[in-house]
Amino acid sequence: MKFLIVGRTATGKDTLASILTYKYKWKFVKSMATRPKRYDDEDTHIFISEEQASTIPFEDRVAYTNIGDYQYFATKEQVQESDAYIIDPKGVKVLLEKMPEENFIIVYIRPVDRDIQKLNGTTRADNIEQESKVFEKRYNAEDGQFTEFEDLLDSYQIYKYKNVKDAIQHINNYDMD
């Protein structure tokens, strides 16, 4: 059983992953990303160039999506060797279709408030003003796929995929206490 952690930008996915890794020794997929790091010591992905990405055959990718101008993907081997994967809705769909033999639990994180979500996403950056622009661009680029995914969850249509064993929704109020 694998867990898929899904949520809009700056909803606490990486924080949840850190807690599960530290407390329970979970291993997360580090998907490949062609975007630049948001801050110097960011290690949430394997950051590669577009040229490096082009050397990995498309058929070897079990989860794939574009967000804005960047590619994000993982291989079947990466998923099989992990407990969980932070992934976006487009990637979820591809993964569920490409790995029908694997069972998944989806954990969807919703923000309690968009302003708090933006604050959470921008204060972790070295350049807050620049990151605010990046947040807006990313939020707008992914809004359609997340709205559609939220509709799938709310209507229970996510269970049309037989390998989805449960879908849990959590509202993040960003309170670490």
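These numbers come from a predicted model, not from an experiment.

Below, the discussion takes up the pattern of salt bridges. A full pass over the atoms with the stated rule returns 11 salt bridges. Note that Lys118 and Glu136 form a salt bridge whose closest N and O atoms lie 2.9 Å from each other. Note that Lys118 is positioned in helix α5 (residues 114-122) and Glu136 in helix α6 (residues 128-154), a separation of 18 residues in sequence. Taking the relative accessible area as the measure of exposure, Lys118 reaches 23% and is therefore partly exposed. Close ionic contact of Glu142 with Arg138 constitutes a salt bridge, the shortest N to O distance being 3.8 Å.

Before going further, it helps to examine the confidence of the model for the protein chain. Mean pLDDT over the protein chain stands at 92; residues scoring 70 or higher make up 99%. When mean pLDDT is taken per element in the protein chain, strand β1 (residues 2-7) scores highest with 98 and strand β4 (residues 61-67) scores lowest with 87.

With 23 residues, the main nonpolar core has Leu4, Val6, Tyr85, Leu95 and Ile106 as its most contacted residues. When contributions to this core are tallied by element, the ones reaching two or more residues are β1, β4, α4 (89-98), β7 (104-111), α6 and β8 (164-172). Setting aside its immediate chain neighbours within four residues, Val6 contacts Lys13, Ile87, Asp88, Pro89, Val92, Ile106, Val107, Tyr108, Ile109, Phe146 and Phe149.

If you trace the backbone, Lys133 turns up in helix α6. Separated by 114 residues in sequence, Lys133 and Ile19 have C-alpha atoms that sit 28 Å apart.

Attention now moves to α6. The end-to-end C-alpha distance of α6, which contains 27 residues, comes to just 34 Å, noticeably less than the 39 Å that a straight helix rising 1.5 Å per residue would cover. At Asp143, α6 shows its strongest bend, of approximately 50°. Glu131, Phe135, Arg138, Tyr139, Glu142, Gln145, Phe146, Phe149, Glu150 and Leu153 are the residues of α6 that are buried. Downstream of α6 by one or two residues, Tyr156 has phi in the positive range, about 65°.

With that settled, the discussion passes to the sheet that holds β4. Pairing in this open sheet of 4 strands is mixed, and the strands run β3-β2-β5-β4 from one edge to the other. Each edge of the open sheet is held by one strand with a lone partner, namely β3 (46-47) and β4. Here β4 runs beside strand β5 (residues 70-75); their pairing, made up of 6 bridges, is antiparallel. Paired with Thr65 across the strands is Tyr72, a residue of β5.

This part is about the side chain of Asn163. Its place among the elements puts Asn163 in the loop between α6 and β8. Classification of Asn163 as buried rests on a relative accessible area of 4%. Of the polar contacts made by the side chain of Asn163, one reaches the backbone oxygen of Met99; its length is 3.1 Å. A distance of 3.4 Å separates a polar side-chain atom of Asn163 from the backbone oxygen of Glu102.

The rules behind these values
Residues numbered from 1 in each chain as written. Predicted model: local features only at pLDDT ≥ 70, side-chain atom pairs only at ≥ 80, totals over all residues. Heavy atoms only, no water. Salt bridge = Lys/Arg side-chain N within 4 Å of Asp/Glu carboxyl O. Helix = DSSP H or I, 4+ residues; strand = E, 2+ residues; numbered from the N terminus. Buried < 20%, exposed > 50% of the residue type's maximum accessible area, 1.4 Å probe, protein only. pLDDT = per-residue confidence, 0-100. Core = buried A, V, L, I, M, F, W, Y, C linked by side-chain atoms within 4.5 Å. Contact = heavy atoms within 4.5 Å. Expected span 1.5 Å × (residues − 1). Bend = angle between axes of the 7 residues up to and from the residue. Pairing = 2+ DSSP bridges. Polar contact = N/O pair within 3.5 Å; in protein donor to acceptor, adjacent residues only side chain to side chain.

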